[in-house]
Amino acid sequence: MPSSPQFYTGTASWTDPTLVKSDVFYPPAIKTAEQRLAFYAAQFPTVEVDSTYYALPSERNAQLWAERTPPDFVFHLKAFAWLTQHAADTKRLPRAIKEILLAPLASTRRIDHPPPDALDLAFQMFWSAAGPLREAGKLGLLLFQFPPYFTYRASNLDYIASLPERMPGARIAIEFRHHSWLAEAGPRAATMKFLRDHDLTYVSIDAPDGVAVPSFLETTNADTYVRFHGRNRENWFKPGLEVADRYKYLYAERELAEWAGRLKELTGVRRAFVIFNNCYRNFGIMNATTMAQMLSR
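Cut-offs applied
- Residues numbered from 1 in each chain as written.
- Predicted model: local features only at pLDDT ≥ 70, side-chain atom pairs only at ≥ 80, totals over all residues.
- Heavy atoms only, no water.
- Helix = DSSP H or I, 4+ residues; strand = E, 2+ residues; numbered from the N terminus.
- Rg over C-alpha atoms; globule rule 2.2 N^0.38 Å.
- Buried < 20%, exposed > 50% of the residue type's maximum accessible area, 1.4 Å probe, protein only.
- Contact = heavy atoms within 4.5 Å.
- Areas by Shrake-Rupley, 256 points an atom, 1.4 Å probe, with all protein chains shown as cover.
- Lys, Arg positive; Asp, Glu negative; His and termini not counted.
- Charge placed at Lys NZ, Arg CZ, Asp CG, Glu CD.
- Core = buried A, V, L, I, M, F, W, Y, C linked by side-chain atoms within 4.5 Å.
- Pairing = 2+ DSSP bridges.
- Axes fitted to C-alpha atoms, helices over the stretch in contact; angles between N-to-C directions.
- Phe/Tyr/Trp six-rings, centres within 6.5 Å; stacked < 30°, edge-to-face > 60°.
- Lys NZ or Arg CZ within 6 Å of the ring centre and 35° of its normal.
- Salt bridge = Lys/Arg side-chain N within 4 Å of Asp/Glu carboxyl O.

**Q** Give me the overall build of the chain: which residues, what numbers.
**A** Along its length, the chain carries 13 helices and 10 strands. Since a compact globule built from 297 residues should have a radius of gyration of about 19 Å, the 19 Å found for the chain is in line with a globular shape. Seen through its principal axes, the chain has C-alpha atoms that stretch 55 × 55 × 40 Å. Every one of the 297 residues in the chain was classed for burial, and the buried ones make up 54%. Sequence separation of at least 24 residues holds for 72% of the intrachain contacts in the chain that already meet a minimum separation of 6. Accessible area for the chain stands at about 13,900 Å²; split by element, carbon and sulfur atoms hold 52% of it. Separation between the mean location of the 34 positive side-chain charges and that of the 31 negative ones in the chain comes to 4 Å.

**Q** Hey, could you go over the nonpolar core for me, with residue numbers and the actual values?
**A** Residues Trp-82, Leu-83, Phe-144, Ile-160, Leu-163, Met-167 and Ile-174 are the most contacted members of the largest nonpolar core, which totals 96 residues. Looking at which element gives the most residues to this core, the answer is helix H6 (residues 116-129), with 7 residues. With residues near it in sequence (within four places) discarded, Leu-163 still touches Phe-123, Phe-144, Phe-146, Ile-172 and Ile-174.

**Q** Lay out the sheet that holds strand S9 (residues 223-228) with the relevant residues and their values.
**A** Pairing in this closed barrel of 8 strands is parallel, and the strands run S1-S2-S3-S6-S7-S8-S9-S10 around the ring. Strand after strand, the sheet turns through a mean of 25° between neighbouring axes, direction not considered. Pairing between strand S2 (residues 46-49) and strand S3 (residues 74-78): 4 bridges, direction parallel. Its bridge partner being in S3, Val-49 is matched across the sheet by Leu-77.

**Q** Now, about the packing of aromatic side chains: what can you tell me, with residues and values included?
**A** With the rule as written, the count across this model stands at 26 aromatic pairs. Taking NZ or CZ as reference, Lys-78 lies 4.8 Å from the ring centre of Tyr-53, over its face. The ring centre of Trp-127 lies 4.1 Å from the NZ or CZ of Arg-134, which sits over that ring.

**Q** Please set out the pattern of salt bridges residue by residue, giving values where relevant.
**A** When their charged atoms lie close together, side chains carrying opposite charge are able to pair. For the structure on display, the rule yields 13 salt bridges. Linking Arg-68 and Glu-34 is a salt bridge whose minimum nitrogen-to-oxygen distance equals 3.9 Å. On the criterion of sequence distance, the pair formed by Arg-68 in the loop between helix H4 (59-67) and S3 and Glu-34 in helix H2 (residues 33-43) is long-range, its members being 34 residues apart. Salt-bridge contacts for Arg-271 lead to Asp-223; the nearest nitrogen and oxygen are separated by 2.9 Å. Of this pair, Arg-271 sits in strand S10 (residues 271-276) while Asp-223 is found in strand S9, placing the two residues 48 residues apart along the sequence.

**Q** Could you give an account of H4, with specific residues and numbers?
**A** For H4, the set of buried residues is Ala-62, Leu-64, Trp-65 and Ala-66. Taken together, the buried residues of H4 touch H2, S2, helix H3 (51-54), S3, H6 and helix H7 (131-135).

In short, geometric facts, not functional conclusions.
Take a look at the structure:
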């Protein structure tokens with residue numbers, strides 16, 4: 001009988017402002033970043049670091065993360081914005097990148113098409129910063145969440161195929177947000193074959209009905225990665241809301257049970273990472289706790 005994968009359940013942040021301010025997860029005595037990470041890691045075996053999307057991480061921070069967590073704890077890093085063809089805030093770029101930007105690009109508020117040498121340096125710095133986690137055996141997957149305008153076409157397939165070459169040895173997970181990759185049977189099959197051929201992990205999602213990408217569970221290599229975005233359809237498409245309000249959704253037990261049943265039926269998978277991105281107050285914490293209990297039965 002095929003063995004079940006090892007399940008790792010966690011959330012997409014341990015420092016989300018609405019969580020920290022809510023006083024419903026961290027005890028009142030816990031005040032520092034070091035204390036919060038240690039407390040979180042005592043409750044969950046994994047976490048997705050989404051702050052690395054907004055600013056390139058540092059090796060120093062990665063070293064501290066490794067030191068402050070148990071030996072078997074696993075970190076996933078969300079790829080920096082430029083690496084997934086998003087715009088990045090110029091003020092948050094490291095000095096080494098700013099120094100190679102030419103005017104007037106360097107004076108713009110956000111840069112969405114960096115010069116090739118700046119993009120290359122961003123890749124190098126991102127992968128280098130993950131070094132302490134790699135050395136500690138605590139680096140899981142690098143999450144590449146591509147934007148809604150990243151469509152199914154040859155040039156984008158080539159770009160995805162180039163990622164392992166830029167970061168040798170990395171375990172890479174791919175999340176799509178345009179329907180052309182997955183909505184129809186033909187492109188979906190071709191997309192999955194492409195990911196399998198390049199040993200890339202497909203990111204399955206749970207999201208509101210009507211979003212561009214359908215919700216389904218699929219595996220393309222020995223790692224399975226699932227992200228729960230919530231099902232708050234009204235807020236998902238409403239302009240002008242805070243980011244946290246978009247993910248303001250607490251899953252019902254019956255909704256989690258459906259996914260737990262699918263996950264426990266997986267075969268040929270070594271590790272299954274189940275990440276709750278409904279980061280509003282303690283919603284993700286509560287749902288991750290429930291899911292972990294379901295998967296352990």
